[in-house]
Amino acid sequence: MKFFIDTANLAQIEEANNLGVLDGVTTNPSLMAKEGIKGEENVKNHYLKICSIVDGPVSAEVISTEFDGMIKEGIELAALHPNIVVKVPCTKDGIRAVKHFTDNGIQTNCTLVFSVGQALLAAKAGATYVSPFVGRLDDISSSGIELVAKIVDMYSTYGYKTQVLAASIRSTQHIIDCVEVGADVATCPLSAILGLLKHPLTDSGLATFLADFKKVQE
């Protein structure tokens, strides 16, 4: 499974990339705002900074809600760098935009997916990635991981090439759950990725080894 980091924070992206396990980055307007990135040119420059750190897909989201605006923004974003993936919401105009981008060789990430039906339409339109939102479904007492599993199964059954990119990951356990149901990608906060390293037996075992090594040096 591929690891993307879900942030616009350059320091966190660098830290994840330095681990040697990072495959890409996802962002959205909320994450940009969180970092204080304002203005069209500043946002574009920030995407370029991200692309200079990570040699992998970088999802850049359009903010238009209508087809023509999505196309204009998407073309501009894709022109910034070869690794840019245009992130489009799973709406009627969004699906049309995905098809247009696909036909013109532009990679897409169809986001805000909350049902198998939405994922089906995204795949038929040729989306490179589809992003079911795990945590947000959990928030309304529905199973986000179950949706990921259903989409993975559907794509396998019908041979769709669209990759399932599990988004809205809230915890390390979510990552493990995504592995178990066969997600192609999980986009996660840095804390969730680092959480994979933690295990009490690793800590206690290392402490024992170091204590024993100290004894033989005395």
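In this convention, every chain numbers its residues from 1, walking through the sequence in written order. Predicted model: local features are reported for residues with pLDDT of at least 70 only, side-chain atom pairs are reported and counted for 80 or more only, and whole-chain, interface and lining totals are derived from all residues. Side-chain calculation: all heavy atoms of the structure are included, whereas hydrogens and water are not.

Draft legend 1. Spatial organisation of the pattern of salt bridges. Throughout this description, the term salt bridge denotes a Lys or Arg side-chain nitrogen within 4 Å of a carboxyl oxygen of Asp or Glu. Under the defined criterion, the tally for this structure stands at 7 salt bridges. A salt bridge links Asp-139 to Arg-170; its shortest N-O distance comes to 2.9 Å. With Asp-139 in helix α7 (residues 134–139) and Arg-170 in the loop between β7 (163–166) and α9 (172–181), this pair connects stretches of sequence that are 31 residues apart. Looking at Asp-139, the relative accessible area reads 52%, which means it is exposed. We call a residue buried when its accessible area falls under 20% of the maximum for its residue type, exposed when it is over 50%, and partly exposed in between, using a 1.4 Å probe and counting protein chains only. Judged by its relative accessible area of 45%, Arg-170 is partly exposed. It is possible to trace a salt-bridge network through shared partners that takes in Glu-40, Lys-44, Lys-72 and Glu-76. Labels follow the DSSP assignment, with helices taken as runs of H or I lasting at least four residues and strands as runs of E lasting at least two, numbered in each case from the N terminus.

Draft legend 2. The arrangement of helix α8 (residues 144–158) in detail. Between its first and last C-alpha, α8 extends 22 Å over 15 residues, near the 21 Å set by a 1.5 Å rise per residue. When we look at burial in α8, the residues that qualify are Gly-144, Ile-145, Leu-147, Val-148, Ile-151, Val-152, Met-154 and Tyr-155. What makes two residues a contact is simply this: any of their non-hydrogen atoms within 4.5 Å. Turning to α8, the residues buried within the fold contact β5 (108–113), α6 (116–124), β6 (129–132), α7, β7 and α9. Any N or O atom pair separated by 3.5 Å or less is treated as a polar contact, with the protein-specific requirement of one donor-capable and one acceptor-capable atom, and with residues adjacent in sequence counted only for side-chain atom pairs. Residue Ser-143 occupies the N-cap position of α8, its side-chain oxygen lying 3.1 Å from the main-chain nitrogen of Glu-146. Positive backbone phi, approximately 75 degrees, marks Gly-159, located one or two places after α8. How far a helix is expected to stretch is found by multiplying one less than its residue total by 1.5 Å.

Draft legend 3. Broad picture of helix α1 (residues 10–18). The N-cap of α1, judged by a side-chain oxygen 3.1 Å from the amide nitrogen of Ala-11 a few residues on, is Asn-9. Backbone geometry just downstream of α1 places Gly-20 in the positive-phi region, at approximately 85 degrees.

Draft legend 4. Region of the structure containing the sheet that holds strand β3 (residues 58–61). Read around the closed barrel, the 8 strands follow the order β1-β2-β3-β4-β5-β6-β7-β8; overall the barrel is parallel. Strand-to-strand twist in this sheet, taken as the mean axis angle between neighbours without regard to direction, amounts to 30 degrees. Pairing between two strands requires that DSSP report at least two bridges joining them. Here β7 pairs with strand β8 (residues 185–188) via 2 bridges, running parallel. The residue bridging Ala-166 from the neighbouring strand is Ala-186, located in β8. In this analysis, axes come from line fits to C-alpha atoms, helices being fitted only over the stretch in contact, and the angle between any two N-to-C directions falls in the range 0 to 180 degrees.

Draft legend 5. Summary view of the environment of Asp-93. Mapped onto the secondary structure, Asp-93 falls in helix α5 (residues 92–103). Apart from residues no more than four positions distant in its own chain, Asp-93 is found in contact with Thr-65, Glu-66, Phe-67 and Met-70.

Draft legend 6. Region of the structure containing the packing of α8 against α9. Close contact between α8 and α9 brings their axes to 9 Å; oriented N to C, the two are set at 25 degrees. The orientation of α8 with respect to α9, classified from their angle, is roughly parallel. Every pair of crossing elements has a handedness; the one defined by α8 and α9 is right-handed. Two secondary-structure elements touch here, α8 through Ile-145, Val-148, Ala-149 and Val-152 and α9 through His-174, Asp-177, Cys-178 and Val-181. With respect to orientation, any angle under 35 degrees is reported as roughly parallel, any angle over 145 as roughly antiparallel, any angle of 65 to 115 as roughly perpendicular, and every other angle as oblique. Handedness of each helix crossing follows the sense of rotation of the near helix against the far helix: counterclockwise by less than a right angle gives left-handed, clockwise gives right-handed.

Draft legend 7. Just the side chain of Thr-187, in detail. Summarising the element assignment, Thr-187 is placed in strand β8. In terms of polar contacts, Thr-187 uses its side chain to reach the side chain of Thr-26, at 2.5 Å. Other than its neighbours up to four places away in sequence, Thr-187 contacts Phe-4, Ile-5, Asp-6, Thr-26, Leu-165, Ala-166, Ala-167 and Ile-169.

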